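# Examination of the molecular architecture
Letter by letter, the chains look like this.
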Amino acid sequence: MNDYISTFYNDIYHIIDNLIKDNIIPKDFNIKKINVDFSSKSKRGDISTNLYIILNKSLIKKDFELKNYILFEFNKLSYLNKITFSNNGFINLILNDDYIFSKLIEVIKKNHEYGKIILKNKDKNINIEYVSANPTGPVHVAHMRGAVLGDVLSNILSFVGYNVTREYYVNDTGTQINILGKSLYKRYLQLLGEQIEIEKDEYPGDYLIKIAKNILDNHKNEIIKKNIKDKDIFFKNYAVKEIIKTIKIDLKNLGILFDTYTHESSIIDNNSNINEVFKILKEKELLYEGFLNKPKGEDIKNWKPRKQLLFKSSYYGDDSDRPLKKENGEWTYFANDSAYHYNKINRNYNLLINVWGADHIGYVKRMKSIVDAISNSKVSLNIIVCQIVKLIKNNQSLKMSKREGNYILIKDLLKDVGKDPLRYYMISTKNETPIDFNIDEVIKQNKDNPVFYCQYAYARSSSVINKFKNDNILNSENLINKKIDFKFISKYEREIILQIIAWPYIIFQSSTLCQPHRITNYIENLSTIFHSFWNKGKDHSEYRLIDNSNINKTISKIIWIDSMRIVFRNAFKLIGIEANEKM
RNA sequence: GCGCUCUUAGCUCAGCUGGAUAGAGCAUCGGUUUUCUAAACCGAGGGUCGCAGGUUCGAAUCCUGCAGAGCGCGCCA
């Protein structure tokens, strides 16, 4: 990372190190209190810092001339042009124009690589598991947010150099899958002319009829020969296989692909995973047979104290210990999931990321506990919980019920809304905030809609560049060798340029905090200041981008416009939306 | 009852992990097209950052309590 913000941070840290060495501030000085502000709104400088305020407070040598010292040190930094202290102690700084230009040319040189960070620990392997919707029906709204978030986060993390594995965990065993198989069998019988009744817990969706028809057409003879048990297995497996197929298609249309699908059945079939987990926990004395307390408040029918095999997750800060075995001796879902995470740990990941829906929020602590336990605290698990998406149409929130199977499907939303707005909206709000997704607003193709607002900014800027496609001097490929002349650059453009060259820092924040919404905030801001500048050209010809009478002026402007386009393209690519040069 | 998350303009959301006068968009009102894309721009009004304490030079941001909303709470996955 060598953007101007990170560079300045590093130089500040250097100064602090020296002050500690010279015993002027204490060794335990908290470096995190130092802040560098690059917000273009402050208008007090290109960047500013609270360095003086914070250092002044922690001085051991009270008579130390701190102000002069900082001035002396900052004067050594070649990229700074002007240093001023405000009355309340903030330091405001203006950057060197040549420095800014060198950063801008870097954008053009690096092009689609611009914004990549050279990480210190670049060999880090990350596994990111998302969607993992149960293969009992098509993917719907509830899965959408996590799907897009997981995808964009994967894009960002691999962009900054991690080895990222995108993984989908298929829960293809257990009670629900048995019910699914039964439901499909009923549909099959129905097609054969039998009277059937779909019971309360069974799956009523039409998609099973289609699958049943497929079986009838292709496998009828084969089924007749099977005994009851084999029939159960056949229908169960067939249902899962077909449903996963449609899930893959729906997600692909949303722009989402996975590297690996791991099936729960494969984790369980091979008992080694769960046996290993059991062994480790036993060695660590984290297992015991015992009783759980009945949860207070809510009445639980048929509550009976039960002796169960329990994991001491409370040792790791969980609210209660958690059962690993059911009464009938089967492993619980939690046990299987532990085995699955053990499997992931064994695949040599340094970091596991799980993207979950809000309905799993109660499982965060126990999952972190078990990963901590079985990995000897070597692997960390980061769980990102997405709040719900409430769909609104005609000013009414759409009611959905699982039982009636009337969830809005991703497939249908893609048809109504389109991929780009859907993806954009799913990540432009930070994951902890619930989204009110107003379908009527999102399909608008104007400034009400931030996706089109940003895409339009890209198209507008492209229209300028494309004017010079066939111009030997001014075409975009030749810009690297050209020089920007700051006398043609207005203060408004300078602001835009400062935003453009802040892009690597945005990537840094977005990747380390796992917050893709910082990218959409950033490009919305970039779009705003660009549109605003564009319109200035209407009243004031000096702000116009093309000046046929002055080629050096035009070159200077085209350089930053093309750099901005590169940043837009890179941002759009990470988000997974189109960059169209014409709209 | 317990846990996690949330509460910022009429609405939808930001607020850069403690900074300077709290920001956008929508909605409302008023203006800007013989000109590189008006799918845009400019201006106005609109706020006790849920409430109350605390921490310090400084709090929307951190801590505590309270109120409200969402999700979850032993054999569903």
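Residues numbered from 1 in each chain as written. Chains lettered and ligands numbered in written order. Predicted model: local features only at pLDDT ≥ 70, side-chain atom pairs only at ≥ 80, totals over all residues. Heavy atoms only, no water.

### A word on the overall build of chain A
Note the following rule: Each helix is a run of DSSP H or I of at least 4 residues and each strand a run of E of at least 2, with the numbering of both proceeding from the N terminus. Note on exposure labels: buried denotes an accessible area under 20% of the residue type's maximum, exposed denotes more than 50%, and partly exposed covers the range between, all computed with a 1.4 Å probe on protein chains only. The criterion used for residue contact is that any of the two residues' heavy atoms lie within 4.5 Å. Throughout, the Shrake-Rupley method with a 1.4 Å probe supplies accessible areas, and for residues the shown protein chains are the sole cover considered.
Within chain A, the secondary structure is distributed over 20 helices and 15 strands. Its C-alpha atoms put chain A at 85 × 60 × 40 Å along the principal axes. For chain A, buried positions account for 50% of its 583 residues. Put simply, of all contacts in chain A between residues at least 6 apart along the chain, 72% involve residues at least 24 apart. Carbon and sulfur atoms provide 47% of the accessible area of chain A, an area that totals close to 29,900 Å².

### Quick notes on the domain arrangement of chain A
One frequently used descriptor of interface size is the decrease in accessible area upon assembly of the parts. To keep it simple, the criterion reads: All domain edges in this entry derive from an automatic or database-based domain assignment. Note on definitions: buried area is the accessible-area loss of two parts on being combined, 1.4 Å probe, summed for both. Here a salt bridge means any side-chain nitrogen of Lys or Arg lying within 4 Å of a carboxyl oxygen belonging to Asp or Glu. Residues are grouped as follows: Ala, Val, Leu, Ile, Met, Phe, Trp, Tyr, Cys and Pro are nonpolar; Asp, Glu, Lys and Arg are charged; every other residue, Gly included, is polar.
Looking at chain A, the domain boundaries give domain 1 (4-95) and domain 2 (101-120 + 446-575). Between the C-alpha centres of domain 1 and domain 2 the distance comes to 30 Å. At the interface, 10 residues of domain 1 touch eight residues of domain 2. For the pair domain 1 and domain 2, the summed buried surface comes to about 920 Å²; carbon and sulfur atoms form 55% of the total. Our count for the contact surface shared by domain 1 and domain 2 stands at one salt bridge. Across the pair D46 and R494 runs a salt bridge whose closest N-O atoms are separated by 2.8 Å. Ranked by residue count, the leading element in the side of domain 1 that touches domain 2 is helix α1 (residues 4-21), at four residues. When the residues that make up the side of domain 1 that touches domain 2 are grouped by side-chain class, the tally is six nonpolar, two polar and two charged.

### Focus on the environment of L351
Locating L351 in the fold gives a position in strand β11 (residues 351-357). Residue L351 is classed as buried on the basis of its relative accessible area, which comes to 16%. Separated by 226 residues in the primary sequence, L351 and N125 have C-alpha atoms spaced 6.6 Å apart. If sequence neighbours within four positions are ignored, L351 has contacts with N125, I126, N127, S380 and N382.

### Some remarks on the pairing of strand β12 (residues 380-386)
Spelled out, the test is: Look down the strands so they point away from you; if the path from the first strand over the helix to the second goes clockwise, the crossover is right-handed.
Most of β12 sits out of view: five of its seven residues are buried. Regarding the hand of the β-α-β motif, the stretch spanning β11, helix α12 (residues 364-374) and β12 is right-handed.

### Here we look at empty space enclosed by the protein
A probe as big as a water molecule, rolled over the atoms, marks out the empty space that is left. To keep things clear, this is the line we draw: For cavity detection a 1 Å grid was placed over the protein atoms alone, and a set of points counts as a cavity when a 1.4 Å probe fits there but cannot get out; an open set counts as a pocket when protein lies on both sides within 12 Å along at least five of seven lines, with lining residues being those that have an atom within 4 Å of a point. Grid points are joined across faces, edges and corners, and a volume is the space filled by probe spheres set on the points.
By the definition in use, this model includes one cavity of 30 Å³ or more. As for the largest cavity, its lining consists of I274, V277, F278, L281, L324, W331, A335 and S338. Among the elements of the structure, α10 (272-283) and α11 (333-346) are those that each provide at least two residues to the lining of the largest cavity. Of the residues contributing to the lining of the largest cavity, the split by class is seven nonpolar, one polar and no charged.

### Brief notes about the environment of K220
Locating K220 in the fold gives a position in helix α7 (residues 207-224). Of the residues examined, K220 reaches a relative accessible area of 37% and is grouped as partly exposed. Separated by 24 residues in sequence, K220 and I244 place their C-alpha atoms 22 Å apart.

### Quick look at the packing of aromatic side chains
Heads up, the condition is: Only Phe, Tyr and Trp rings are paired, with Trp represented by its six-membered ring, and only when their centres lie within 6.5 Å; those with planes under 30 degrees apart are stacked, over 60 edge-to-face, the remainder tilted.
A complete count under the given rule lists 32 aromatic pairs for this structure. Ring centres of Y505 and F508 lie 5.6 Å apart, and the angle between their planes is 40°; this geometry places the pair in the tilted category. Pair noted here: Y505 and F508 are both in helix α18 (residues 503-512), with a separation of three residues, about one helical turn. Here F508 falls in the partly exposed class, since its relative accessible area comes to 27%. Considering the side-chain rings of F530 and W560, the 6.3 Å spacing of their centres and the 75° angle between planes classify their relative orientation as edge-to-face. Taken together, the positions of F530 in helix α19 (residues 517-539) and W560 in helix α20 (residues 551-575) put the pair 30 residues apart, joining distant regions of the chain. Each member of the pair F530 and W560 is classed as buried. The rings of Y492, F530, F533, W534, Y543 and W560 are connected pair by pair, giving a single aromatic cluster.

### With respect to the nonpolar core
We apply this condition: Remark: nonpolar core denotes a set of buried residues (Ala, Val, Leu, Ile, Met, Phe, Trp, Tyr, Cys) joined through side-chain atoms within 4.5 Å.
Y4, F8, F74, F437, W503 and W560 are the most contacted members of the largest nonpolar core, which totals 152 residues. Taken domain by domain, this core gets at least three of its residues from each of domain 1 (4-95) and domain 2 (101-120 + 446-575). Not counting residues within four places of it along the chain, the set of residues in contact with Y4 comprises F38, I47, L95, Y99, L498, I501 and A502. Among the nonpolar cores identified, the runner-up in size contains 31 residues, and I274, L309, Y340 and I383 belong to it.

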